[in-house]
Structures are given as structure tokens and as C-alpha cells.
Amino acid sequence: TSAPLELTLVVAATARDMGIGANGGLPWTGLRKEMAYFARVTKRGDGNVVIMGRKTWDSIPPKFRPLRGRLNVVISRSFPPGLPKDPAGGPDAGPVEASSLETALEYLRQKKAVESTGTTANGGGRVFVIGGAQIYAAALGLAEARRVLLTRVMSDFSCDTFFPLALGSPTSAEEAEKTASAPKWVQRSRAEHAAWIGEEVPEEVQTENGTEYEFQMWERVD
Ligand code: NDP
């Protein structure tokens with residue numbers, strides 16, 4: 001009797017090959033407005049959650065983590081198995097330490113169930129999966145993964161880590177054959193995107209530091 005829980009992946013990836021990382025960090029620097037978009041979208045509303053892999057956690061400068069205003073959940077095989085414990089401390093406590101994505105989701109389902117019967121009115125928070133590649137791959141293997149907020153980076157960067165799903169790239173007949181039975185992802189309109197995130201989405205391509213990108217929303221339609 002688990003409450004339904006929906007996962008939204010948030011990622012910035014190169015248009016050419018879905019590159020997301022290099023040398024343990026981001027391939028690009030100085031996309032300040034892009035990072036501000038990520039912060040606003042993942043914070044909007046109450047009780048939101050960000051789930052990330054241990055390497056992504058390590059890539060965040062200590063003074064910025066846990067990411068403020070959101071419950072942070074970190075996944076590592078080095079954490080004790082079973083249901084993770086509540087973090088000690090105040091509202092910006094954390095992170096919650098989970099030994100798998102599945103136990104993280106079980107923890108969040110139980111927390112939601114408790115909060116919906118209690119006085120804390122944040123049982124409706126959104127759950128975002130914020131990387132890296134390994135945790136995106138684990139999430140995409142679950143039926144709960146319904147949506148991807150993609151920042152498509154048109155400028156090219158050399159990367160060593162890649163988003164494990166090709167969105168919007170022209171598929172060859174051979175590739176289409178392989179993915180025929182895989183879940184189908186469609187890009188939503190700018191209006192649908194804006195309605196879901198709760199703010200306007202710029203129509204034009206953004207340019208920061210000479211890097212071009214645009215904001216997109218994709219949803220699974222199976
Ligand atoms: P991840 O952040 O996905 O972390 C990987 C770690 O997560 C593993 O080493 C392991 O931790 C743990 N883990 C992975 N799978 C499982 C599992 N099934 N069960 C339990 N624990 C698991 O690392 P990646 O290397 O894939 O990605 C990091 C890169 O991605 C960096 O370069 C980062 O900057 C980039 N990035 C880019 C983003 C973007 O939007 N462009 C967003 C986020 C990250 P342990 O080793 O402790 O057991």
C-alpha cells in the first residue's frame with residue numbers, strides 16, 4: 001500500500017552526445033543563470049527532495065551542501081543497508097544516507113504517509129533525481145521516472161560522463177529498432193513546461209559565457 005511517488009530527473013546535457021560531466025565536475029563553468037533555474041525549480045513548493053549519487057554529492061562544494069531548502073538524499077553502497085535514518089538537526093539537516101535508490105524511495109514513501117496524516121503539510125513535495133549518470137540510470141529503470149527537465153547545451157564540451165538516455169536526437173532505423181520496446185519520451189510544449197515548473201520558460205536560446213543552451217521538459221508517455 002505504497003503511495004504513488006513520481007520522479008523528475010533534472011539534467012544539463014550536451015546536444016551532441018548527452019555529455020554531463022568531466023573529471024568529476026561539470027564540463028562547463030559559469031552557467032550562473034542555468035544553476036539559478038535549477039535551484040528555483042527544485043525549491044519551488046514545500047518539502048521537495050533532491051536525490052543524488054555519492055560522486056555528485058562529493059562534487060558540491062562543502063559550503064553549499066546539503067542543498068538548501070530541499071531534503072537531500074545521497075546514495076552510496078557504503079551506507080548501511082535497509083531503510084535510511086532521519087537526519088539529525090533542523091530543517092536543513094541531512095543528507096539522508098541510502099544504500100540504494102529503492103530504499104531511498106521506500107523511505108520517502110513512508111515519510112509521505114506519515115506527513116499526510118500529521119500536521120506537517122509537506123507530504124506533497126516533489127522528488128527530483130539530480131544525478132549523476134549512475135543514479136540517472138538507476139532511476140530510468142524504474143516506472144516512477146516520469147519526467148526529465150533537460151537543459152540542452154548546444155555548445156560542445158568534451159565529457160567523460162553521459163546521460164544514459166538520448167532525448168531528441170535523430171534516431172537511426174537501427175537504433176529505433178533497438179528502442180522500439182523501450183519507454184517512449186516526448187518533449188512537452190513551452191506552455192506545459194511553464195505550468196509544471198511554475199514559471200515562464202524563455203523561448204529563445206540562452207547564452208552565458210559563450211555557451212548556448214535551452215530549457216526543455218520531456219515526459220514518458222507509456
Ligand atoms: P554519481 O553521482 O551517479 O555517483 C555514483 C556513486 O553512487 C557510486 O560510486 C556509488 O557510490 C553510488 N551508486 C551508484 N549506483 C548505486 C546503486 N545502484 N546502489 C547504491 N549506490 C550506488 O556518479 P557519476 O560518476 O555517474 O556522475 C558524476 C558526474 O556527473 C560528475 O562529473 C558530475 O559533475 C556530473 N553531474 C552532472 C550533472 C548535470 O546536470 N550536468 C548533474 C549531476 C552530476 P559509492 O561509490 O560511495 O558506493
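On to helix α6 (residues 190-197). Looking at α6, one finds that the buried residues are H193, A194, W196 and I197. All buried residues of α6 lie within an arc of 165° about the axis, which places them on one face of the element. For α6, exposure combined with an orientation more than 90 degrees from the buried face picks out A191 and A195. Of the residues flanking the end of α6, it is G198, one or two places downstream, whose phi is positive at about 85°.

So, on to the site of the ligand. Near the ligand there are 26 residues, and of these A12, G25, R54, T56 and S76 occur at the shortest range. In this structure, a nitrogen atom belonging to the ligand sits 3.0 Å away from a main-chain N or O atom of I20. Protein coverage of the free-state accessible area of the ligand, which is 930 Å², stands at 85%. With respect to the pocket detection grid, the ligand is positioned in the largest pocket. For the shell around the ligand, the elements supplying multiple residues, two or more each, are β1 (7-14), β2 (19-21), α2 (54-59) and α4 (133-140). When residues of the shell around the ligand are assigned to their parent elements, the largest contribution, four residues, is made by α4. Class assignment for the residues of the shell around the ligand results in 11 nonpolar, 12 polar and three charged.

It is worth spelling out the layout of surface pockets at this point. Estimates place the volume of the largest pocket at around 1400 Å³. Lining the largest pocket are 46 residues; nearest its centre among them are T56, S59, I60, I130 and G131. Among the secondary structure elements, those contributing two or more residues to the lining of the largest pocket are β1, β2, α1 (32-43), α2, α4 and β7 (145-153). Top contributing element to the lining of the largest pocket by residue count: α1, with six residues.

Applying the stated criterion across every chain yields a total of 13 salt bridges. The shortest N-O distance in the salt bridge between R44 and E199 comes to 2.8 Å. Of this pair, R44 sits in the loop between α1 and β3 (49-53) while E199 sits in the loop between α6 and β10 (206-208), and the two are 155 residues apart along the sequence. With its nearest N and O atoms 2.6 Å apart, the salt bridge here joins E144 to R109. Taken together, the residues E144 in the loop between α4 and β7 and R109 in helix α3 (residues 101-117) connect sequence positions 35 residues apart. Here the two residues E144 and R109 agree in accessibility, since each one is buried. The structure contains a network of salt bridges with shared partners spanning E6, R147, R188 and E219.

Mapped onto the elements of the fold, E34 is located in helix α1. Of the side chains bearing the opposite charge, R40 lies closest to the buried E34, which forms no salt bridge; the N-O distance is 9.4 Å. Engagement of the side chain of E34 in a polar contact is seen with the side chain of T151, the distance being 2.6 Å. Once you skip the residues sitting within four places of it in the chain, E34 turns out to touch A12, T151, E208, Y213 and F215.

Scoring rules and cut-offs
Every residue gets a number counted from 1 within its own chain, in the order that chain's sequence is written. With pLDDT at 70 or above as the cut-off, local features in this predicted model cover only qualifying residues; side-chain atom pairs require 80 or more to be listed or tallied, and sums for whole chains, interfaces and linings still use all residues. Neither water nor hydrogens contribute to the side-chain values; these are computed over all heavy atoms in the structure. Partly exposed residues are those whose accessible area sits between 20% and 50% of the maximum for their type, while under 20% is buried and over 50% is exposed, using a 1.4 Å probe and protein chains only. Every helix listed is a DSSP run of H or I at least four residues long, and every strand listed is a run of E at least two residues long, numbered separately from the N terminus. Summarising the geometry, the arc corresponds to the directions from the helix axis toward the C-beta atoms. Being near a molecule or strand, for a residue, means having at least one of its heavy atoms within 4 Å of it. Any pair of nitrogen or oxygen atoms within 3.5 Å is treated as a polar contact; in protein, a donor-acceptor pairing is required on top of that, and neighbouring residues in sequence qualify only through side-chain atoms on both sides. A 1.4 Å probe and the Shrake-Rupley method give the accessible areas. Residues count as covered only by the protein chains that appear here. With a 1 Å grid laid over protein atoms only, a set of points is called a cavity when a 1.4 Å probe fits there but cannot get out and a pocket when it is open yet has protein on both sides within 12 Å along at least five of seven lines; lining residues have an atom within 4 Å of a point. Each molecule is assigned to a cavity or pocket provided more than half of its atoms lie within 2 Å of the corresponding grid points. Three classes are used, and their members are as follows: Ala, Val, Leu, Ile, Met, Phe, Trp, Tyr, Cys and Pro are nonpolar, Asp, Glu, Lys and Arg are charged, and the others, Gly among them, are polar. Grid points are joined across faces, edges and corners, and a volume is the space filled by probe spheres set on the points. Between Lys or Arg on one side and Asp or Glu on the other, a salt bridge is scored when a side-chain nitrogen of the former is within 4 Å of a carboxyl oxygen of the latter. Two residue types count as positive, namely Lys and Arg, and two as negative, namely Asp and Glu; His and chain ends fall outside the count. Only heavy atoms enter the contact rule, under which two residues are in contact if any of them lie within 4.5 Å.

So far we have only geometry, and geometry alone does not tell us how the molecule works.
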